[in-house]
Amino acid sequence: MKILHVITSLAMGGAEHLMVDLLPRLRDKGNNVELLVFDGTDTPFMRQLLDAGIVVHRLGIGGNVYNPMHIVRLTRFVRRYDVIHTHNTACQLYAPLARLLTFGGAKLVTTEHNTSNRRRGKWYFKPVDRWMYARYSAIVAISEKAEALLRSYVHPKHLITIENGIDVDRYAKASAARRAELVPHYTDGDVVIVMVAAFRSQKDQDCAVRAMSELPENYKLCLVGDGVRRTEIEAMVASLGLQHRVRLTGIRGDVPQILKAADVNVLASHFEGLSLSSVEGMAAGRPFVASDVDGLREVVQGNGILFAEGNHRQLAEILLRLINNRDEYEKVARACADAATNYDIALMVERYHQVYNELCQERR
C-alpha cells in the first residue's frame, strides 16, 4: 500500500511524536509510507524520520500552516497514494478540499488527537466540521473518551478508537541523563521534577511552575519542550524568583533519558486525547502525576496520581508526599511501569495497518 501521512509540522507534540514511532513500523510491514509537512522546519523529530529512511515532503519552511495555497499544493499528491492520513486541523480540512479539486483520489483517514479543541465551543465551526469529517472514510480517535465526545459533536460515520502506543522498552531500558544538565545549580540532595510538553494553551506549565513556590528549595523543575507560550512561562518563572530552580530545556532528542533521570514525572494539562507523554512518563519507571482531566484520567487513574486541574498546591502536596514516603513512591512507580505495557506500539501499528488494508480492498 502507498500511504501518505500529512501533518502541520514536526515540532514537539503527541501527533508529531506519533509520526516518529508509527511510520517506520508501517514501512517495515511492507508498505510504501511517506510524510508531508506543511511547515518543514528542521526539528529533532524531522531528523529521526529522515535517519529512519522516511521520505518527507515539505510544502514550505515556517509561515502560516493555514495558508490556502497549501490546498493547491496538496492536489499534486492526492492521486499518488492509496491512503492519505491527516493529523491536526489545517491538514484535516485542506486534504478533503484538495481531493475535491482533483475529483477523487486516495481514501482519506484522519486521527482525532484530543478530547476537545477551540473550534467546538463556537457554533459557526460546527457546519464546517460536519462537512470535513464526512469526507473521511475512517476517523480514528485515540481514546474512548475522544471518540464519545466527537460522536456527540458531529455524529460522524466510520469512527473507531485506536489508542496511541509507544516503544515501551525504549523508555523502560533508557539510561538516565545527567541530572546536572536538567536543572539549575544541581546538587546531590535535589529532587528533580520533569514535565515534557509543548508550550501551548492546552498544557499547564503554569501549574507546575507555581507548585515549585510551595516546595522546599531542593525541589527543582525541568520543562522540556517549546512553543508559543514559552516566553510567557519564562516571564512567570522570573516573576516568582524561580530562575535558580526551574530550567526550560527547549526541544530535546533524549526524552527517554530525561524521564529516567527524574524523581517524579508530571503532566499538567487542561485536556488531552490520550497523551503519549503520560504513557512515556509511566514507562520510565518513575511515579507519574497528572491533571485529573479527560485523556489523562483514563490512563493514569489507579496507576499514577491525579490532582485537580490547575491546583498547584495539591500538586506540591503530592510531590512532597511521594518523596517523603518511599513505600508509596515505589508502589506508584511499579504500577505506572506495569500500566505502560498496555500501550505497546505494536498493538497500535497492527490496528492502523488493518484499517488501511480494508480501505484499499474497497478501492479495488
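No experiment lies behind these values; they were computed from the predicted model shown.

Glancing now at the pairing of strand S5 (residues 107-112). Counting buried positions over the six residues of S5 gives six, a clear majority of the element. Of the two faces of S5, the one holding Lys107, Val109 and Thr111 and the one holding Leu108, Thr110 and Glu112 are both buried throughout. Pairing geometry for strand S4 (residues 83-86) and S5, over four bridges, is parallel. Its bridge partner lying in S5, Thr86 is registered against Thr110.

For the rest of this paragraph, the subject is the sheet that holds S5. The seven strands are arranged S3-S2-S1-S4-S5-S6-S7 in an open sheet whose pairing can be described as parallel. Edge strands, defined here as strands with exactly one partner in the open sheet, are strand S3 (55-58) and strand S7 (159-161). In this sheet, neighbouring strand axes are inclined to one another by 25 degrees on average, regardless of whether the strands run parallel or antiparallel. Bridge count between strand S6 (residues 138-141) and S7: three bridges; the pairing is parallel. Paired with Ala141 across the bridge in S7 is Thr161. Contacts from helix H1 (residues 14-28) reach strand S1 (2-7) and strand S2 (32-37) within the one sheet, and its direction differs from that of S1 by about 170 degrees.

Inspection of the entire model under this criterion finds 22 salt bridges. Asp190 serves as the salt-bridge partner of Lys220, at 3.0 Å between the closest nitrogen and oxygen. Here Asp190 lies in the loop between helix H7 (168-172) and strand S8 (191-196) and Lys220 lies in strand S9 (residues 219-224), a separation of 30 residues in the sequence. No difference in accessibility class separates Lys220 from Asp190, as the two residues are buried. Residues Asp206 and Arg229 are paired through a salt bridge, measuring 2.8 Å at the closest nitrogen-oxygen approach. Here Asp206 is found in helix H8 (residues 205-213), whereas its partner Arg229 is found in the loop between S9 and helix H9 (230-239), with 23 residues between them in sequence. Taken as a pair, Asp206 and Arg229 share a single burial class, namely buried. Counted as one network, the salt bridges with shared partners bring together Asp206, Arg229 and Glu232.

Our focus in this paragraph is helix H4 (residues 89-101). Compared with the 18 Å implied by 1.5 Å per residue over 13 residues, the 19 Å span of H4 between its first and last C-alpha is a close match. Along H4, the positions that sit buried rather than exposed are Ala90, Cys91, Gln92, Tyr94, Ala95, Pro96 and Ala98. Where H4 is buried, its residues touch S1, helix H3 (69-74), S4, S5 and helix H5 (126-134). Remark: Phe103 follows H4 within two positions and exhibits a positive phi of approximately 55 degrees.

Scoring rules and cut-offs
Residues numbered from 1 in each chain as written. Predicted model: local features only at pLDDT ≥ 70, side-chain atom pairs only at ≥ 80, totals over all residues. Heavy atoms only, no water. Buried < 20%, exposed > 50% of the residue type's maximum accessible area, 1.4 Å probe, protein only. Helix = DSSP H or I, 4+ residues; strand = E, 2+ residues; numbered from the N terminus. Pairing = 2+ DSSP bridges. Axes fitted to C-alpha atoms, helices over the stretch in contact; angles between N-to-C directions. Contact = heavy atoms within 4.5 Å. Salt bridge = Lys/Arg side-chain N within 4 Å of Asp/Glu carboxyl O. Expected span 1.5 Å × (residues − 1).

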